[in-house]
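Structural overview for review
This is what each chain is made of:
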Amino acid sequence: MLNDKIMNYKVLLFYKYVEVEDPQRIVDEHLKWCLNNDIKGRVFFAKEGVNGTVSGLKENIEKYKSHLNSFSEFKDIWFKEDDAEEHAFKKMHVRLKNEIVHGDLTNVSLKHGGKRLSPEELFNFYNEGKDFIIIDARNWYESKIGKFKNAIVPPMKNFREWKKVVDEDLNEYKDKTVVTYCTGGIRCEKASSYMVEKGFKDVYQLDGGIFNYIKQFPDTYWEGGMFVFDERRVVNPNTKKELINIASCYFCGNPTSYYINCHNVDCDRIIISCHECKTENEYCCSDECRASKNKRKVYHG
Ligand SMILES: [Zn+2]
Ligand SMILES: [Zn+2]
């Protein structure tokens, strides 16, 4: 335990593609259940499955897992778990969605998904010097903060651009061994399927995503921090100096893995910033944004 922090909380990351008969009914019930048990976070249900990340006290998280497991569709769901000092979310959101990850990939069949590559197998690919291409299926700002060694990092603003990236930029790798990765594995289910459908011959998806890899092999081939969409913002798995930070502060250039959203609500852009510069610049990206009348009332991040 670092700095004697008391880790009474847990953060869960989970998803499952499975046919859900009446997702709306689950949505209504799920929100109530979470509010009653002090679970916070974000859970999306759709006819195609569930995607969620939640936090809570350890005992409440255990209850949450049993609760979700009590639905026959979700009885074997894979929960990825992290210890935390406190809630990683401020509120609980439960929503009905068309896709559990928005990628305009509803027509892509999961049957064509890339072969599952375990963290150990990926580690061996690197160690043995295998000839393979590794592609980040996340957004540009996520890969800016951390990525796998030698990864191709497409400049995607959001996952809906994946199709375009594959169609326009990755054609030359069709005959190569290709590995895709994302945070917990969910985006790769369809990202890798899409590649297979487009004629890529040897496609793997990293099973359980970065999350699963850095738990087992920190200080190896993952460089920098892992971007997370919660109050923690970044998870830092590495202790080797050269692997802790790969990004540099927008303002001062020092190494960092931290980021903020510009506090001018009309700008809201993501800026990589160290903690000193964040404070010094009042959580804004420019003088113009600092002078804006439409700024967030409370510092956040
Ligand atoms: Zn700085
Ligand atoms: Zn700004």
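By convention here, each chain's residues receive numbers from 1 onward along its written sequence. Lettering for chains starts from A, numbering for ligands starts from 1, and both go in the order in which the items are written. Only residues with pLDDT of at least 70 get local features here, since the model is predicted, and only at 80 or more are side-chain atom pairs given and counted; chain-wide, interface and lining totals rely on the full set of residues. Side-chain measures were taken over the full set of non-hydrogen atoms in the model, leaving aside hydrogen atoms and water.

Let us now look at the overall build of the protein chain. Of regular secondary structure, the protein chain possesses 10 helices and 17 strands. In terms of its C-alpha atoms, the protein chain occupies a principal-axis envelope of roughly 50 × 45 × 40 Å. Classification of residues uses two cut-offs on accessible area relative to the type maximum, computed with a 1.4 Å probe and protein chains only: under 20% is buried, over 50% is exposed, and between them is partly exposed. Counting all 301 residues of the protein chain, 53% fall into the buried class. In the protein chain, the share of contacts with a sequence separation of at least 24, taken over all contacts with a separation of at least 6, comes to 66%. A 1.4 Å probe and the Shrake-Rupley method give the accessible areas. Residues count as covered only by the protein chains that appear here. Carbon together with sulfur atoms contributes 47% to the accessible area of the protein chain, which is approximately 15,000 Å² in total. Two residue types count as positive, namely Lys and Arg, and two as negative, namely Asp and Glu; His and chain ends fall outside the count. For charged residues, the charge sits on one atom: NZ in Lys, CZ in Arg, CG in Asp, CD in Glu. Separation between the mean location of the 47 positive side-chain charges and that of the 47 negative ones in the protein chain comes to 3 Å. Secondary structure is summarised from DSSP: a helix means a run of H or I of at least four residues, a strand means a run of E of at least two, and numbering begins at the N terminus for each. Contact definition: two residues touch when any of their heavy atoms are within 4.5 Å.

Once that is clear, we can look at the sheet that holds strand 2 (residues 40-46). Strand order in the open sheet formed by five strands is 4-1-3-2-5, with mixed pairing between adjacent strands. Each end of this open sheet is capped by a strand with a single partner; those strands are strand 4 (80-84) and strand 5 (92-96). Direction aside, the axes of adjacent strands within the sheet are offset by 10° on average. Here, a strand pair is defined by DSSP locating no fewer than two bridges between the strands. The sheet contact formed by strand 2 and strand 5 spans five bridges and is parallel. The partner of Phe44 across the bridge, within strand 5, is Arg95. Angles run from 0 to 180 degrees between N-to-C directions of axes, and those axes are lines fitted to C-alpha atoms, restricted for helices to the stretch in contact. Its contacts with the sheet put helix 7 (residues 209-216) on strand 1 (9-17) and strand 4, and the angle it makes with strand 4 is roughly 65°.

Another point: the pairing of strand 3 (residues 49-57). Counting buried positions along strand 3 gives eight out of nine residues, so the element sits mostly inside the fold. The pairing of strand 1 with strand 3 spans nine bridges and is classified as antiparallel. Bridge assignment links Tyr9 to a residue of strand 3, and that residue is Leu57. One ladder, built from seven bridges, connects strand 2 with strand 3; its direction is antiparallel. What sits directly across from Gly41, in strand 3, is Val54. In this structure, the hairpin formed by strand 2 and strand 3 is closed by a connection of two residues.

So, about the sheet that holds strand 7 (residues 133-136). The strand order across the open sheet formed by four strands is 6-10-9-7, and the pairing between neighbours is parallel. In the strand order of this sheet, the two ends are held by strand 6 (115-117) and strand 7, each with one partner. Strand after strand, the sheet turns through a mean of 30° between neighbouring axes, direction not considered. Judged from the four bridges that link them, strand 9 (residues 177-181) and strand 10 (residues 202-206) form a sheet pairing that is parallel. By the bridge assignment, Thr177 is partnered in strand 10 with Asp202. The sheet contacts of helix 3 (residues 119-127) involve strand 6, strand 7, strand 9 and strand 10, and relative to strand 6 the element is tilted by about 80°.

A few words on the pairing of strand 7. Alternating positions in strand 7 separate into two faces, Ile133 and Ile135 on one and Ile134 and Asp136 on the other, with burial throughout. Pairing of strand 7 with strand 9 involves four bridges; the strand directions are parallel. By the bridge assignment for strand 9, Ile135 is matched with Thr180.

This part covers the coordination of the zinc ion (ligand 1). Around the zinc ion (ligand 1), the protein contributes the donor atoms Cys249 (SG), Cys252 (SG), Cys274 (SG) and Cys277 (SG), which lie 2.3 Å from the metal centre. Counted as donors are N, O and S atoms no farther than 2.8 Å from the metal, or 3.2 Å for Na, K and Ca; water is not among the atoms, and sites may therefore look incomplete. Linear spacing of the donor residues for the zinc ion (ligand 1) on their chain is C-x2-C-x21-C-x2-C. Pair noted here: Cys249 is in the loop between strand 14 (247-248) and strand 15 (255-256) and Cys277 is in helix 9 (residues 275-280), with a separation of 28 residues, a long-range link. For the pair Cys249 and Cys277, one class covers both residues: buried.

Listed in full, the buried residues belonging to helix 3 are Pro119, Leu122, Phe123, Phe125 and Tyr126. For helix 3, the angular spread of the buried residues around the axis is 155°, confining them to a single face. Buried residues along helix 3 sit in contact with strand 6, strand 7, strand 8 (146-148), strand 9, strand 10 and helix 7. Phi turns positive, to about 65°, at Gly129, one or two residues after helix 3. This arc describes the spread of directions from the helix axis toward the C-beta atoms.

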